[in-house]
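Listed below are the residues making up each chain.
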Amino acid sequence: MTNTPTGFGRMTRKEDARFVRGRGTYVDDVRLPGTLHAAVLRSPLAHARITAIDTRAAEAHPKVRVVITGAVLADRGLAWMPTLSGDVQAVLATDKVRFQGQEVAFVIADDPYSARDALALVDVDYDPLPPVVDARTALDPDAPVIRDDREGRRDNHIFDWEAGDAAATDRVFAGAAVVVAQDVLYPRVHPAPLETCAVIADHDVVTGKLTVWATTQAPHAHRTLLATITGIPEHRIRVVSPDVGGGFGNKVPIYPAYVCAVAGSMLTGRPVKWTEDRSENLMATTFARDYHMHGEIASTVDGKILALRVRVLADHGAFNGTAQPSKYPAGFFHIVTGSYDLEAAHCSVTGVYTNKAPGGVAYACSFRVAEASFLVERLVDLLALELDVDPAELRMRNLLRPEQFPYTCSTGWEYDSGDYPRALALLLETAGYRELRAEQARRRELGEHLGIGLSFFTEAVGAGPRKHMDIVGLGMADGAELRVHPTGKAVLRISVQSQGQGHETTFAQIVAHELGIGPDDVDVVHGDTDATPFGLGTYGSRSTPVSGAAASMAARKVRERARIVASAMLEVSPDDLEWSPGRWSVRGDPTAGKSITEIAAAAHSDLDLPDGVEGQLDASCVYNPPNLTFPFGAYLCVVEVDPGTGQVVVRRFVAVDDCGVRINPSIVEGQVHGGLADGIGVALMELIAFDPDGNHLGGSFMDYLLPTAVDCPSWELAETVTPSPHHPLGAKGIGECATVGSPAAVVNAVMDALRPFGVRHADMPLTPAAVWRAIQGRPLRGDLAID
Amino acid sequence: MQIAVVVNGEEHVRDVEPRLLLVHFLREDLGLTGTHWGCDTSNCGVCVVHLDGVPVKSCTVLAVMADGREVRTVEGLARGADLDPVQRGFIACHGLQCGFCTPGMLMTARWLLDHDPDPSTEDIRAALSGQLCRCTGYENIVRSVRWAAENGSEAAS
Amino acid sequence: MQVPASFQYRKATSVAHALSLLAEYGPEARVVAGGHSLLPMMKLRLAHPEALVDINDLAELAEIRVEGGALVIGALVRHAELLSSAVAGRHFPILHDAERVIADPIVRNRGTVGGSLCQADPSEDLSAVFAALRAELVVRGLDGERVVAARDFFVGPYETVLADGELLVAIRVPIRPSVSAYVKVDRRAGDWAVGAAAAVLELAGGVVAEVGIGLTALGARKFVAAEAEDHLRAGPPSGERFAEAARIAAAHCAPTADQRGPVDYKRHLAGELVARALRGAVGRAA
């Protein structure tokens, strides 16, 4: 790869120079003088009443400064905090513990080892209560009520939500020749970024200023929330998110320990640092999925898909802490119609409380598009099985056609653009689909079990239009500020925060593209609320669709300002100037022109400008997207299954992605690679299950398995480019596409391999045991302990 | 107890608790924060450093075990401004995203190339199989190590 | 981050010194070598030794050599060293089969053969392998040395016959002509075994003169499928007899359910993997 002189294309990343030297700065690397260190005492039980907490022995530890309990916080009105879904969550438990791993006390000591030691000295008396472990029993009349903290609550019901036309859907189903139904569990998994969550709270008693260093994907939203929770005026709070070691949605919410660290700093007058361990990360921070789905698909006898009907039971854990736009309690799940032209569709979702950690919307799911896409792609494969039609052929017959865009689906989304058949055709060609099927037939003769799985997905990213989309009342628009210095070098300040996406490079390329200067002449500032404009942050693949558009529009404003300045320099009318990269010149006389660098100098000089025109070139933009963008893709996975052991080996994975215009193709491909590995992990090994007592069975990387380099094949990528018609750059966003689209391809491949055994479906993760049991006709249930 | 450890060629003498983990000794006592920790259970490999020339997971080695030995960390890979070929490979092939696993990956890659200057992609995957990456899907990491094999026959010196 | 509770730490300079340190600190002292089993347990505060005796400097325990008709593997030999030992692989390819799938390359650089055996984790691979090989474990105490058959070394999960103050110093594997293989099923590269089987066959005149069958993580007493061995001994190494031995092994093991799999699957695996290991071993005879 070589650095291109300007604009879009492959270039090496600006941030890598520090990372390869070990010079990144993650929160745990930040050293503030006088820092104290904290550890969190957590509940060993899933459901219990707290009858007493004795902190005296811990407080007597020579290195312990303060022990904070729920009672201490309650005195300050901090024992409970709002969640991102209109619920409240205990900061430190006061009445009951509601999941194993819940925060009970916060110990602050001189050093982290002593803080850990002192946890054992806090004595908590629990009165155990029966836990709700199986979401399917959460609404039973005799189920223990988890949220008795909420007045008048007598059950574990959170919400009912639906989309689409139920009556019309029922009518189509009633008249359909073929109906296929399946229960599908998308089990609880975890984003598990390699850097765990961490915070340093530093409250200055003299100035009243609170500085919070935190692993956050949304520093501005965290500042506003911290102001709301703590009562500290928002202008006296600075949130700094330095380098972030992966997020994937895990670092969107504010966690109880962050609030405790703030309280601790206010109590001690010293910076308080807390870094969670891996078990805490896996057991207590935001999980993902946990959707118990029942899907039905209706078609004609010749395979024209007619309708989709879906019921979901959503396990939200003990507090409703999902992070999604307020009006969408099930996120964007109603994109479950997928990539197909349906007459009708209806989905309904019921959310319930269980005695498990809160969360649900995370792990690159694009607000539940992951669950939706997985379900519809399983159903299409089951329909193909029922009709005995090739699954590629069935998809090709039913995909939306290019002329149908913009397309409004049965549940209300308006897809912006796409050429789906082209992507699928490219996939089949790239993979050598026909040859693969021939190989499969040959090997079946030999008793070998090759499986070929397809998926086609439509993503919905770039949330979103502020008229429809907000999180805790904050509209999902993002700002960008572009300053051009007198020498023509630029600084772009953005509201979104990279967790590895390479914003320092991609956003510099956007400005470079718009202004015709080199990306190395643009510095990107992010992650510090004192230095950047407001915005909602990076998740839901929204950085390029929203903030990228803001950067582009700000740069175009700069360009227009430059035009005025150039017209004054050249003493011609602005209308007589034309733009070429980096330069305004007189129409018809390219030699008479001024470069951006010359214009920037002039804009800061004593040059006479027309009346009403300010000096300098700086500009800003708050971008309110008119619609989501809808990237899409077609994936194919080839597996080999050993029916004697149930082991699955992924031989090939071919991915065609269309995310519109690609700003830096290398970065796009890298994001796809990562998401494909997620698909291997989720489909084959990642799982958080609970035993009957509510004990978490995935609390370390010994139990929560992530794919390694030998579990992943060498990814084969191809692309189509269908620009978004409404995004200024035609870009659509890519971050979560592969995580959303790939699990179905893997599972479909395994099911394809098991077809000779009469297996229709098995739930993820397809571990050796799960595959073998599926072959025996006794599938394992993934959300509960294996007995 | 007092220990003397040579880290990246420089001897450090410190008084430490026996229970201090090597990763914390490097990060907290010496300020070498390029070595990260990520899992506590020796599964993720973001803490890999060389101990007497052999890659180990420093979250599962006591600092006192390094007494009298040599440690090399990511900060010791480059020679001044000259990056090691594995560092250049990771930049050239987009072998990192969030950067958190990168130091450990680099240290193992360096060791691999020291012992096998021309590893196959399968060899590379196997060598790195004790280290997790959540961003790259490993593809570009493998390409980065191959790049280093092809473009830098020996470590920066 | 997780950190261990405080403990005292002494570095042994010789086996005799290690033994005297163990005596000095008493039953609450633990030997530490690679530390990859013990330190995570201490970080989780599931193990609380008052003192650690570090044997990493005991070069005398770090050798692999052939001596007195046996392959002698020092207790401090790292997994990576056993994996790269040509002499070990030549005599007992099963050792390389197993080492290749133990944890991951970085852990293998540090973890030791002796440490694995002394941990006696039911999912640990080498216990079944050395039991199948009928290895002898050399144990030294202040009163002198004793030799324990690998099959008698394991008392139960995480429990061995090592007495307080004793140190495992070496594993001796008698060298006799044999074929061997180790087959493991895991959920992911580097994971503990869902189940695994070890097979060692001494073939003479078209007959199985002696056989060792080990099982990992499948609830076999002392890691051995003794009844299956009895079935095979003194008969021809035929596919039918292997299948019957596999059935017997499955019937006699007592696996427990966990997140790696239910009992019926693990019992099935016992049979499946015993058959594969036997076939794999015999396949090496060619």
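What counts, and at which threshold
Residues numbered from 1 in each chain as written. Chains lettered and ligands numbered in written order. Predicted model: local features only at pLDDT ≥ 70, side-chain atom pairs only at ≥ 80, totals over all residues. Heavy atoms only, no water. Domains from an automatic or database assignment. Contact = heavy atoms within 4.5 Å. Buried area = accessible area lost by both parts, 1.4 Å probe. Salt bridge = Lys/Arg side-chain N within 4 Å of Asp/Glu carboxyl O. Core = buried A, V, L, I, M, F, W, Y, C linked by side-chain atoms within 4.5 Å. Buried < 20%, exposed > 50% of the residue type's maximum accessible area, 1.4 Å probe, protein only. Polar contact = N/O pair within 3.5 Å; in protein donor to acceptor, adjacent residues only side chain to side chain. Helix = DSSP H or I, 4+ residues; strand = E, 2+ residues; numbered from the N terminus. 1 Å grid on protein atoms, 1.4 Å probe; cavity = no way out; pocket = protein on both sides within 12 Å on 5 of 7 lines; lining within 4 Å. Points joined across faces, edges and corners; volume = space filled by probe spheres on them. Nonpolar A, V, L, I, M, F, W, Y, C, P; charged D, E, K, R; others polar. Pairing = 2+ DSSP bridges. Axes fitted to C-alpha atoms, helices over the stretch in contact; angles between N-to-C directions. Parallel < 35°, antiparallel > 145°, perpendicular 65-115°, else oblique.

Here we look at the domain arrangement of chain A
Residues and elements named next belong to chain A.
Inference 1: For chain A, the assigned domains read domain 1 (16-22 + 477-623), domain 2 (131-370) and domain 3 (395-404 + 414-460 + 629-787).
Inference 2: Computed from C-alpha atoms alone, the centre-to-centre distance between domain 2 and domain 3 is 23 Å.
Inference 3: Taken together, the contact between domain 2 and domain 3 spans 41 residues of the former and 45 residues of the latter.
Inference 4: Approximately 3,600 Å² of surface area, both sides summed, lies buried where domain 2 meets domain 3, with 56% of it carried by carbon and sulfur atoms.
Inference 5: For the pair domain 2 and domain 3, the interface holds one salt bridge.
Inference 6: The partner of D134 in a salt bridge is R781, with the nearest N and O atoms 2.6 Å apart.

Points about the nonpolar core
Inference 1: Counting residues in each nonpolar core, the largest one holds 230 residues, and the members touching the most others are F106, F332, F333, W413, Y415, Y635 and L636 of chain A.
Inference 2: Of all hydrophobic cores here, the second largest spans 40 residues; its members include L482, V484, A555 and V558 of chain A.

Considerations on the domain arrangement of chain B
Residue and element names in this part refer to chain B.
Inference 1: Domain boundaries in chain B define domain 1 (2-76) and domain 2 (85-151).
Inference 2: A straight line from the C-alpha centre of domain 1 to that of domain 2 covers 21 Å.
Inference 3: Here domain 1 packs against domain 2, burying approximately 1,200 Å² in sum over the two surfaces, 66% of which is carbon and sulfur.
Inference 4: For the pair domain 1 and domain 2, the number of links is zero salt bridges.
Inference 5: Scanning the region where domain 1 abuts domain 2 turns up five residue pairs in polar contact (both at pLDDT 80 or more).
Inference 6: Going through the elements one at a time, β3 (48-51) and β4 (54-57) are the ones with two or more residues in the side of domain 1 that touches domain 2.

Details of empty space enclosed by the protein
Inference 1: Applying the stated criterion to the full structure yields 15 cavities of 30 Å³ or more.
Inference 2: By volume, the largest cavity is sized at about 540 Å³.
Inference 3: Lining the largest cavity are 38 residues, and of these Q501, Q671, I734, G735 and E736 of chain A sit closest to its centre.
Inference 4: The set of elements that each furnish at least two residues to the lining of the largest cavity consists of α13 (503-515), α14 (543-570) and α16 (665-684) of chain A.
Inference 5: Sorting elements by how many residues they give to the lining of the largest cavity places α16 of chain A first, with six residues.
Inference 6: Broken down by class, the residue content of the lining of the largest cavity amounts to 13 nonpolar, 20 polar and five charged.
Inference 7: Along the wall of the second largest cavity there are 17 residues; nearest its centre are L687, P765, T767 and I786 of chain A together with Q259 of chain C.
Inference 8: Classifying every residue of the lining of the second largest cavity by side-chain character gives ten nonpolar, three polar and four charged.

Looking at the pairing of strand β25 (residues 490-494) of chain A
All names here are of chain A.
Inference 1: With respect to burial, β25 is a largely interior element, five of its five residues being buried.
Inference 2: Burial along β25 is two-sided: A490, L492 and I494 facing one way and V491 and R493 facing the other are all buried.
Inference 3: Inspection of the sheet shows strand β24 (residues 478-484) paired to β25 by five bridges, in the antiparallel sense. The partner of E481 across the bridge, within β25, is R493.
Inference 4: The hairpin formed by β24 and β25 contains five residues between the paired strands, and G488 there has a positive phi angle of roughly 90 degrees.
Inference 5: Of the strand pairs in this sheet, β25 and strand β26 (residues 522-525) are connected by four bridges, and their pairing is parallel.

Examining the environment of D315 of chain A
Residue and element names in this part refer to chain A.
Inference 1: Tracing the chain through its elements places D315 in strand β16 (residues 305-315).
Inference 2: Separated by 294 residues in the primary sequence, D315 and R21 have C-alpha atoms spaced 43 Å apart.
Inference 3: Residues within four places of D315 in sequence aside, it is in contact with A135, R188, F287, R289, D290, V352, T354 and K356.
Inference 4: Of note is the side chain of D315, whose polar atom sits 3.5 Å from the side chain of R188.
Inference 5: A polar contact is formed between the side chain of D315 and the side chain of K356, at a distance of 2.8 Å.

Section: the side chain of D783 of chain A
Inference 1: Within the secondary structure, D783 of chain A sits in the segment after α18 (768-775).
Inference 2: Look past the residues within four positions of D783 of chain A in its chain and what remains in contact with it is D134, L185, H292, A689 and F690 of chain A.

A short note on the packing of helix α5 (residues 93-100) of chain C against helix α8 (residues 125-132) of chain C
Residues and elements named next belong to chain C.
Inference 1: Between α5 and α8, whose axes approach to 10 Å, the crossing angle comes to 170 degrees. Classed by the angle they form, the pair α5 and α8 counts as roughly antiparallel. Together, I94, L95, A98 and E99 of α5 and L126, V129 and F130 of α8 make up the contact between the two elements.

Structural notes on unusual backbone geometry
Residue and element names in this part refer to chain A.
Inference 1: Note the cis peptide between F405 and P406, where omega equals -5 degrees.
Inference 2: Tracing the backbone through its elements, the reader meets P406 in the loop between α10 (391-398) and β19 (407-408).
Inference 3: A cis amide bond, omega -25 degrees, links A463 with the succeeding residue G464.
Inference 4: Relative to the assigned elements, G464 resides in the loop between β21 (449-458) and β22 (470-471).
Inference 5: A positive phi is found at R289, a non-glycine position, where the angle reads about 65 degrees.
Inference 6: One can find R289 in strand β15 (residues 287-299).
Inference 7: For R289, a relative accessible area of 0% puts it in the buried group.
Inference 8: Even without glycine at this site, V472 takes up a positive phi of about 40 degrees.

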